[in-house]
Structures are given as C-alpha cells and as structure tokens.
Amino acid sequence: MTGRSLMVVFFLFGTLTNSNGQAGKENRTSTDLQAGEIKAAAPALPAPSGPFGIGRVGYEWIDASRPDTFSANNPGAHRDLMVYLWYPSPRTDTKRTGTYLPGAKQMDASPEVQRRVGDEFGPSWEQIVSGDLVSHTVENAPVADAPRHFPVVVFSHGLGSVGFAYTSLIEDLVSHGYAVASIEHTYTAMAVVFPNGRVVTPHQEADPPGLTPEQRFQRMQASAGLAITEGARDEVFVLSKLAEMNSQRAHKFPLEGRLDIDQVAAMGHSSGGAFATLACQMDQRFKACISLDGALPPVAAFPEYGKGFTQPVLLLEIDHSGQPKGFDAAQESEYIKKKEAQLKACPIGSYDVVLKSAGLNHASFSDVPLLFANGKKIETEEALYNLRTTQAFVRSFLDKSLKHDTGRLFNNSSEYPGTVITSYGH
C-alpha cells in the first residue's frame, strides 16, 4: 500500500472507536451491583434463520513464519492467534444455549481489560460475565451429517473489538450451512484470552519525545500499514491452516474433510474489512470478498495490492451522507472518483450496497446496538431490523458467489426500503 493510502486508516480506526467506545463510556456498568439495585434482564439475540444448529470449537494457532514483534516476555515468539470455528450442527435441541464470550471472566478480572470491554458492550457486560447473556452456540457440538461440504468464511472483527461481538451475524450464516473461522486478532482485539489463561491486550507504543507533527504522522502511517498487512496475513494463514487440518486425520479435527476449501470467502467489519480486502488481493484461494463498512475515506474504498481483485467483492456500507467528516469537499470528490474506479475494476458479480434505515450506524453489523438498546422497545426493534438487513445481504452475496445461487436480493431489494444497490464488474 502507498503511504498516501495509509492516511485513511486513522479515520477508519477512529470511527470504530467513537461509534462503539463513546457509547460505552456513557453507559458502562460495573459487574458489581450496588446495594438495592435490581439486576437487569439480559437481552436476547435473534434466533438464527436457517435450519442448522451452531457448533463452535476454539483453537490456538501459531504462525511459525512470522515473529511476534510485540512479545515482551519471549523475544523468540511467533505470531499467536485464537481462532474460533463455528460450524453447522444438527438442530435437535432448540432450547440449548451456550456461552456468549468465552474468557469473559478472565477479561473481567483485569481492571484495564474490564474498562475496554465495558466500553464495547456497555450495560450488557455484566450479563456476559455472569453467563445470563447467552448465544445459540453449543461448544464442541456434533457436526451436521449433510451437506457433505460446508463453504467457509474467514472473518475479521473491527479494531478494538472481538469476533464474539458479531455473534448474531456469524450464527445466522452458520445456520444456513456455512463454516465461519472468526479470528481474534492479537494486539488488535480489545483482549484475547488464550487456553493457558494469558490475556493479551492491544499493543500501544508511546511516541518518542521531541517528534515533530510530521514525524508523528509518519510514525502513525507506518503503524497503520503494519496493522492492516498483519491482519491480512492472519486471514491468509488461517485459510492455509484450515486447508491443512481439513486434509489430515492426525489432527483429530472434527470437520476433517467437511470444509469446502475451494469455496472460501474473506469478510471483515471496519478495519477488518481492510484486512479482508487486502487478503483477497494477496491470495486467490479466496473466492469472494466482503467489506462491511470498511471503505477508507478520504482516499480509497480498499487498500491496494498487486493487480487487484480476482474475486467478486461486496462493499456493504451505511449511508454516511450528512455525517461529520474529517476531510474537505475536494478530498471527498477525489475519494468518490477513486472509489468508483476501484469498484469498476472488480470482477463481475461485485456490488456496492448502501443501507439506509432508522438507527443504522457503523456498529450495526455487530450485536453492539442491540446490547446497548438494553430492552428499550424502539431501539431494540431498530437494532434487530438492521441486523436482519445486513445478514440478508451478506448471505445472498455468499450464496451467489460460493453456492452459485441467483442472489435474488441484488435484483430486488424492495423488502429493504432505502437500500441503493450498484452492480460492478468487468
């Protein structure tokens, strides 16, 4: 990526922090109830719309080809990731519920981490820690007998978030027969809990004293470029690891031979969308690419690498018109031209979909707005509608790109008023 294109990362990262974090600071609750307080009822996640149940298994995977440059205690360490594989299981017991966020108690034990997760999940953090907020996921559930192979989605969360914040989106995909490998990006996630109990927080490095504003900006550019490249390499590594485990019995992998490694998509939200779009350009094994509100204004829609995309791309974004921008009209005009040129260069079957509905914001691709609604009727209804909308477009694009379905939603979106769909392809 060019130095100029890296400028955009700071706007993108700041947007995510503001949309999730600021709300958390205003609404954060302690997990310790004060005397006389009544414990609030935990919100309910929407039921997955497909015929399958949801299983989940977590893995710690180490990429021996990449050093861990931020490891303070082990200078010889390599890139270490937690990856959670969500997969279709038989829907035999609809009353069974599972943990929303594995490792929540370990996170809550650290004041620093508790502050971060409190900002992210707000009034629901207490219910997450206690286990009152549940998912539809069952750990280590049996694998569904059919179909024989499941297409795969490799997913990246936004900066300062975690993959579990997108549980509703992931569960809905899995309920329709997809396997989803959700990466907890070490040093990018708000916290990652490893099997040995180690909790890793985001990497933060103070600027050396005496830097000029230009030097400080250049330092930020370099850091942002490394973060995007590292995130994309995480996605490529996870795809390789899935392919390896899918083909070797020695790993005792419950989905051995069941993953369709020839039909894999990369998907991410916000900064994770930049990870996914860069990974797709790096590795043609990805057959589809989805960026959820991950455009990079004021410079470009996607980071650029090599010759661009060989696979169809979905840019699913909210309507940002009328919102405050960190750049001027001339920069916006140049951004629109660049974005259009990038989209026109995408293969046939690519789309830019702009969503517009009440309550829609940058975090609406995740569970966060539903959790912050805290049972309020209008806010809850808006959050659920927006979740259903984003899930429908994601699923329709994946069905079209990986299952060779018609993708009917892209031909008739009348059930989602205000949506603007523009098709691209060469």
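Residues numbered from 1 in each chain as written. Predicted model: local features only at pLDDT ≥ 70, side-chain atom pairs only at ≥ 80, totals over all residues. Heavy atoms only, no water.

Turning our attention to the overall build of the protein. The helix and strand tally for the protein stands at 10 helices and 14 strands. Here the protein holds 426 residues, and 54% of them are scored as buried. In the protein, 77% of the contacts between residues at least 6 apart in sequence involve partners at least 24 apart. Just so you have it, the protein exposes about 18400 Å², and 52% of that area is on carbon and sulfur atoms. (Helix = DSSP H or I, 4+ residues; strand = E, 2+ residues; numbered from the N terminus. Buried < 20%, exposed > 50% of the residue type's maximum accessible area, 1.4 Å probe, protein only. Contact = heavy atoms within 4.5 Å. Areas by Shrake-Rupley, 256 points an atom, 1.4 Å probe, with all protein chains shown as cover.)

The end-to-end C-alpha distance of helix 7 (residues 271-282) is 17 Å, a good match for the 16 Å that 12 residues give at a rise of 1.5 Å each. Burial analysis of helix 7 places 11 of its 12 residues in the buried class, the great majority of the element. For helix 7, every residue scored as buried is listed here: Ser 271, Gly 272, Gly 273, Ala 274, Phe 275, Ala 276, Thr 277, Leu 278, Ala 279, Cys 280 and Gln 281. (Expected span 1.5 Å × (residues − 1).)

By definition, the strands of a sheet pair up through backbone hydrogen bonds, in either a parallel or an antiparallel sense. Pairing is mixed in the open sheet, where 10 strands are placed in the order 5-1-2-7-6-10-11-12-13-14. Unpaired on one side and paired on the other, strand 5 (137-139) and strand 14 (420-424) mark the two borders of the sheet. This sheet shows a mean twist of 25 degrees between the axes of neighbouring strands, independent of strand direction. Examined bridge by bridge, strand 11 (residues 286-292) and strand 12 (residues 313-318) share 4 bridges and lie parallel to one another. Within strand 12, the residue paired with Ser 291 across the bridge is Leu 315. The strands touched by helix 5 (residues 167-175) within the sheet are strand 1 (53-67), strand 2 (78-89), strand 5, strand 6 (150-156), strand 7 (179-184), strand 10 (259-269) and strand 11, with strand 2 carrying the most contacts at an inclination of about 50 degrees. (Pairing = 2+ DSSP bridges. Axes fitted to C-alpha atoms, helices over the stretch in contact; angles between N-to-C directions.)

A word on the packing of aromatic side chains. Taken as a whole and assessed by the stated rule, the structure comprises 14 aromatic pairs. Taking the centre distance of 5.2 Å and the plane angle of 80 degrees together, the rings of Phe 302 and Phe 309 count as edge-to-face. The two residues Phe 302 and Phe 309 agree in class, both being buried. Clustering of aromatic rings is evident, with ring pairs tying together Tyr 351, Tyr 385, Phe 393, Phe 397, Phe 410 and Tyr 416. (Phe/Tyr/Trp six-rings, centres within 6.5 Å; stacked < 30°, edge-to-face > 60°.)

Let us look at the confidence of the model for the protein. In regions of low pLDDT, the predicted coordinates are not meant to be interpreted in detail. Looking at the protein, the pLDDT average stands at 88 and 89% of residues meet or exceed 70. Here residues 1-38 scores under 50 on pLDDT; set against residues more than four positions off or in separate chains, the count is 71 contacts. (pLDDT = per-residue confidence, 0-100.)

What follows covers the side chain of Glu 317. Within the fold, Glu 317 resides in strand 12. The class of Glu 317 is buried, set by a relative accessible area of 4%. Of note is the side chain of Glu 317, whose polar atom sits 2.6 Å from the side chain of Lys 339. Those residues in contact with Glu 317 that lie beyond four places of it in its chain are Asp 293, Ala 295, Lys 339, Asp 352, Val 353, Val 354, Leu 355 and Phe 365. (Polar contact = N/O pair within 3.5 Å; in protein donor to acceptor, adjacent residues only side chain to side chain.)

One broad trend across soluble globular proteins is that nonpolar side chains are buried collectively. Ranked by internal contacts, the top residues of the largest apolar core, which has 62 residues, are Leu 101 and Phe 121. Broken down by element, this core gets its largest block of residues, 8 residues, from helix 10 (residues 377-402). Leaving out residues up to four positions away in the same chain, Leu 101 has contacts with Met 107, Phe 121, Trp 125, Ile 128, Val 162 and Phe 164. (Core = buried A, V, L, I, M, F, W, Y, C linked by side-chain atoms within 4.5 Å.)

Turning our eyes to something else, we now look at the pairing of strand 13 (residues 350-355). For strand 13, a buried count of 5 out of 6 residues is recorded, marking the element as mostly surrounded by other parts of the structure. Examined bridge by bridge, strand 12 and strand 13 share 5 bridges and lie parallel to one another. Following the sheet pairing, Leu 315 is matched in strand 13 by Asp 352. Regarding topology, helix 8 (residues 329-344) serves as the crossover connection from strand 12 to the parallel strand 13, and that connection is right-handed. Here strand 13 runs beside strand 14; their pairing, made up of 5 bridges, is antiparallel. The residue bridging Val 353 from the neighbouring strand is Ile 421, located in strand 14. (Right-handed = clockwise from strand over helix to strand, strands pointing away.)

Right, let's get into the packing of helix 5 against helix 10. Remark: helix 5 packs on helix 10, axes separated minimally by 10 Å, with the N-to-C direction vectors making an angle of 40 degrees. Between helix 5 and helix 10, the interaxial angle falls into the category oblique. Here helix 5 runs over helix 10; the crossing is right-handed. The residues of helix 10 that touch helix 5, namely those facing Ser 168, Leu 169, Asp 172 and Leu 173, are Leu 387, Gln 391, Val 394, Arg 395 and Leu 398. The residue inventory of the contact of helix 5 with helix 10, partitioned by class, reads 5 nonpolar, 2 polar and 2 charged. (Parallel < 35°, antiparallel > 145°, perpendicular 65-115°, else oblique. Left-handed = near helix turned anticlockwise from the far one by under 90°. Nonpolar A, V, L, I, M, F, W, Y, C, P; charged D, E, K, R; others polar.)

So, on to the side chain of Ser 291. Position of Ser 291 relative to the elements: it lies in strand 11. Given the relative accessible area of 0%, Ser 291 is considered buried. A distance of 3.3 Å separates a polar atom in the side chain of Ser 291 from the backbone nitrogen of Gly 294. With sequence-adjacent residues up to four places away left out, Ser 291 is seen in contact with Gly 268, Gly 273, Thr 277, Leu 314, Leu 315 and Leu 316.

Attention shifts here to the pattern of salt bridges. With the rule as written, the count across this model stands at 20 salt bridges. Residue Glu 60 pairs with Arg 198 through a salt bridge whose shortest N-O separation is 3.9 Å. You can see Glu 60 sitting in strand 1 and its partner Arg 198 sitting in the loop between strand 8 (192-193) and strand 9 (199-200), a full 138 residues away along the chain. By relative accessible area, which is 34% here, Glu 60 ends up partly exposed. The class of Arg 198 is partly exposed, set by a relative accessible area of 34%. When salt bridges that share partners are traced, they join Asp 63, Arg 66, Arg 79, Glu 230 and Asp 234 into one network. (Salt bridge = Lys/Arg side-chain N within 4 Å of Asp/Glu carboxyl O.)

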